[in-house]
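Here is what each chain is made of, one letter per residue.
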Amino acid sequence: MSLRRITAALGALALAVGMGACSGPASQSGGDSGGGEVTLRYWLWDDTQLPLYQQCADAFTAKNPTIRIEITQTAWGQYWTNLTTQIAAQDAPDVFTNHVSYYPQFVANQQILDLSERVDKAGIDLKQYAEGSADRWVLDGKRYGLPKDWDAVGLLYNVELAEAAGFDAEKMNSLTWNPTDGGTFGEFIRATTVDVNGHNANDPAFDKNNVKSYGYYPEWADGAVGQNGWGNFAHSNGFTYSSQTGIPTEFNYGSPEMVQTATWLQGLITDGLAPRFDQQSSLGTDAVMKNGSAASTIQGSWVMGTYLGKDSPVKFAFAKLPAGPKGRFSATNGLSDAIWSGTKHPDQAFEWVKYLGSAECQDIVAKGARVFPAISSSTNIAMEAFKEQGYDPTPFVEMVAAGETFSVPLFDKGNELNVLIQDAMAKVADGQDPQATLTKANEDAAALYK
């Protein structure tokens, strides 16, 4: 997502931040009943944003008394599987939160509605959104969503562990990375990896088979993009997902830049600097970071409240991602809301989607200090809300302002591609040869589109 319009505003905001430190019964009639009460089912995956969108739903129903919103939240890992199953069973939610890696497949299968005429008729000003964000939801001249937010990812780290190893905030925001020795980020990882006897990885006595706290906690369940991990390192090493423009059918997963990145990540496990794949905790990243078992990981701006809140048992901070051989690059993305083509209430569903894309709803979400809304004026409100909560979004803002980002790509057959590449990366994490594994995965990816 191009963020040029919002970057100018955020560049100024970065200077201003100055901080120290994501029901009733439904009508049974076919089609829109006109005067009857309907209940729209709405799905999302982020539990931290659920209360905010419930506020939006309540405000919407207050203005539209005949339309009630029933919200269901399902964690990301099950969200897409459940959605695909429900669409196949013709029992999908009327409206659901959508992602650029998945929506082209819904379009190809005619499973979501083209909103073009409705958007034009409603007179919605698409220029109010961050530049380029509205275009992400247009395929072949048809519009399938309105932007609701934007994001970036950063390096989340345990402040106490980092400072004990000699890495203050300035150093953390100036880390470098390369796939040969890891750069200064590699130095950080080694200094913050400690075994059960208190030896860090720079100590000859370090026992890599009995580690108490790892320097880096990698994300392997990250689909075909690697948004919360390998994708950012690979991109900073010169990797691009495809050499094609638009929606790709051929890929670069077997390229030297990607293989080098995967080999480095695998080496962290081999050297005891990251947990073995078969022993990586089933608790999840949040629990592992909060129990002090890892000093750093990559996480998105949408979880600032999860880690920087006053109730966190550990003091965390976000830093810019390490700069690689080709520069610093943070994955950036944005979401929208789609209308299922099988809905019995398309007119009411559009009213809800229109409200979700409005400044009124996005201001509500902004005040919750969870995400950066797509509307620039709402983003300004979010910045103030972050400040009031004591969160420091400066690393995200500065990366975006400096253009140190890359867009999460559009994929057709996103489900299949995500599983294929994720399985390949799991094999690398489990010790299989990165070159052979990723070359085969790249061939299999291309075969999906033959």
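Residues numbered from 1 in each chain as written. Predicted model: local features only at pLDDT ≥ 70, side-chain atom pairs only at ≥ 80, totals over all residues. Heavy atoms only, no water.

### Describing the overall build of the chain
Within the chain, the regular secondary structure consists of 18 helices and 13 strands. A compact globule built from 450 residues should have a C-alpha radius of gyration of about 22 Å, and the chain, at 22 Å, falls within 12% of that. With the C-alpha coordinates aligned to their principal axes, the bounding extent of the chain is approximately 75 × 50 × 35 Å. Here the chain, with 450 residues, has 55% of them falling under the buried criterion. Here the chain displays about 18300 Å² of accessible surface, and carbon together with sulfur accounts for 47% of that area. Charged side chains in the chain number 32 positive and 51 negative. The centres of these two groups are separated by 3 Å. (Helix = DSSP H or I, 4+ residues; strand = E, 2+ residues; numbered from the N terminus. Rg over C-alpha atoms; globule rule 2.2 N^0.38 Å. Buried < 20%, exposed > 50% of the residue type's maximum accessible area, 1.4 Å probe, protein only. Areas by Shrake-Rupley, 256 points an atom, 1.4 Å probe, with all protein chains shown as cover. Lys, Arg positive; Asp, Glu negative; His and termini not counted. Charge placed at Lys NZ, Arg CZ, Asp CG, Glu CD.)

### Description of the nonpolar core
With 136 residues, the main nonpolar core has F185, Y253 and W352 as its most contacted residues. The two domains that each donate at least three residues to this core are domain 1 (39–151 + 333–392) and domain 2 (153–332 + 408–448). Dropping the residues within four chain positions of it, F185 is found in contact with L155, L175, T176, W177, Y216, F233, W264, S296 and P322. (Core = buried A, V, L, I, M, F, W, Y, C linked by side-chain atoms within 4.5 Å. Domains from an automatic or database assignment. Contact = heavy atoms within 4.5 Å.)

### Some details on helix α16 (residues 394–401)
Burial of α16 is extensive: six of the eight residues sit out of reach of the surface. Burial in α16 covers these residues: T394, P395, F396, V397, M399 and V400. Within two residues after α16, G403 carries a phi angle of roughly 75°, on the positive side.

### Concerning the packing of helix α2 (residues 50–63) against helix α13 (residues 346–356)
At a closest axis distance of 11 Å, the pairing of α2 and α13 adopts a crossing angle of 125°. One element, α2, and the other, α13, form an angle in the oblique class. In this structure, α2 meets α13 at a crossing whose hand is right-handed. Mapping the contact onto sequence places Y53, C56, A57, A59 and F60 in α2 and E351, W352, Y355 and L356 in α13. Each residue belonging to the contact of α2 with α13 can be placed in one class, and the counts come to eight nonpolar, no polar and one charged. (Axes fitted to C-alpha atoms, helices over the stretch in contact; angles between N-to-C directions. Parallel < 35°, antiparallel > 145°, perpendicular 65-115°, else oblique. Left-handed = near helix turned anticlockwise from the far one by under 90°. Nonpolar A, V, L, I, M, F, W, Y, C, P; charged D, E, K, R; others polar.)

### A short note on the state of the cysteines
Each disulfide is one covalent bond, formed between the sulfur atoms of two cysteines. As enumerated under the stated definition, the model contains one disulfide in all. Covalently, C56 is tied to C361 through a disulfide, its sulfur atoms 2.3 Å apart. Of note, the bridge from C56 to C361 carries an S-S torsion of about 100° and is right-handed in sense. Here C56 is found in helix α2, whereas its partner C361 is found in helix α14 (residues 359–367), with 305 residues between them in sequence. For C56, a relative accessible area of 0% translates into the label buried. (Disulfide = S-S within 2.5 Å.)

### Here we look at helix α15 (residues 376–389)
Compared with the 20 Å implied by 1.5 Å per residue over 14 residues, the 20 Å span of α15 between its first and last C-alpha is a close match. Every buried residue belonging to α15 is among S376, S378, T379, A382, M383, A385 and F386, and all of these are buried. Here the buried residues of α15 occupy an arc of 165° about the axis, which is enough to place them on one side. Once α15 ends, the next one or two residues include G390, with phi positive near 85°. (Expected span 1.5 Å × (residues − 1). Arc of directions from axis to C-beta.)

### Looking at the domain arrangement of the chain
Each assigned domain of the chain is listed here: domain 1 (39–151 + 333–392) and domain 2 (153–332 + 408–448). Here domain 1 and domain 2 have C-alpha centroids that lie 29 Å from each other. Of the roughly 2000 Å² buried at the junction of domain 1 and domain 2 (both faces included), carbon and sulfur atoms supply 50%. In this assembly, domain 1 and domain 2 are joined by zero salt bridges. The tally of links between domain 1 and domain 2 comes to seven residue pairs in polar contact (both at pLDDT 80 or more). Elements that contribute at least two residues to the side of domain 1 that touches domain 2 include exactly α3 (76–88) and α4 (103–108). The element best represented in the side of domain 1 that touches domain 2 is α4, accounting for four residues. Split by residue class, the side of domain 1 that touches domain 2 holds 11 nonpolar, six polar and five charged. (Buried area = accessible area lost by both parts, 1.4 Å probe. Salt bridge = Lys/Arg side-chain N within 4 Å of Asp/Glu carboxyl O. Polar contact = N/O pair within 3.5 Å; in protein donor to acceptor, adjacent residues only side chain to side chain.)

### Describing the packing of α14 against α15
It is at 8 Å that the axes of α14 and α15 come closest, and there the two elements cross at 15°. Relative to α15, the element α14 is oriented roughly parallel. Every pair of crossing elements has a handedness; the one defined by α14 and α15 is right-handed. On α15, the residues touching A359, Q362, D363, A366 and K367 of α14 are S378, I381, A382 and A385.

### As for the packing of aromatic side chains
Following the criterion strictly, the structure yields 40 aromatic pairs and no others. Aromatic side chains W76 and Y102 sit 6.2 Å apart centroid to centroid with 75° between the ring planes, which places their arrangement in the edge-to-face category. Within this pair, whereas W76 is found in helix α3, its partner Y102 is found in the loop between β3 (95–98) and α4, the two being separated by 26 residues in sequence. Looking at Y102, the relative accessible area reads 8%, which means it is buried. (Phe/Tyr/Trp six-rings, centres within 6.5 Å; stacked < 30°, edge-to-face > 60°.)

### Brief notes about unusual backbone geometry
The phi angle at D140 is positive, at roughly 50°, despite the residue not being glycine. Note on placement: D140 falls in the loop between β4 (138–139) and β5 (142–143). Positioned with a positive phi, A369 is a non-glycine residue whose angle comes to about 55°. As for its position among the elements, A369 is in the loop between α14 and β12 (372–373).

### Re the environment of R41
Along the chain, R41 falls in strand β1 (residues 38–44). Of the residues examined, R41 reaches a relative accessible area of 25% and is grouped as partly exposed. Counting along the chain gives 27 residues from R41 to R68, while the straight-line C-alpha distance between them is 8.7 Å. Not counting residues within four places of it along the chain, the set of residues in contact with R41 comprises E70, D91, A92, P93, D94 and V95. In terms of polar contacts, R41 uses its side chain to reach the backbone carbonyl oxygen of A92, at 2.9 Å.

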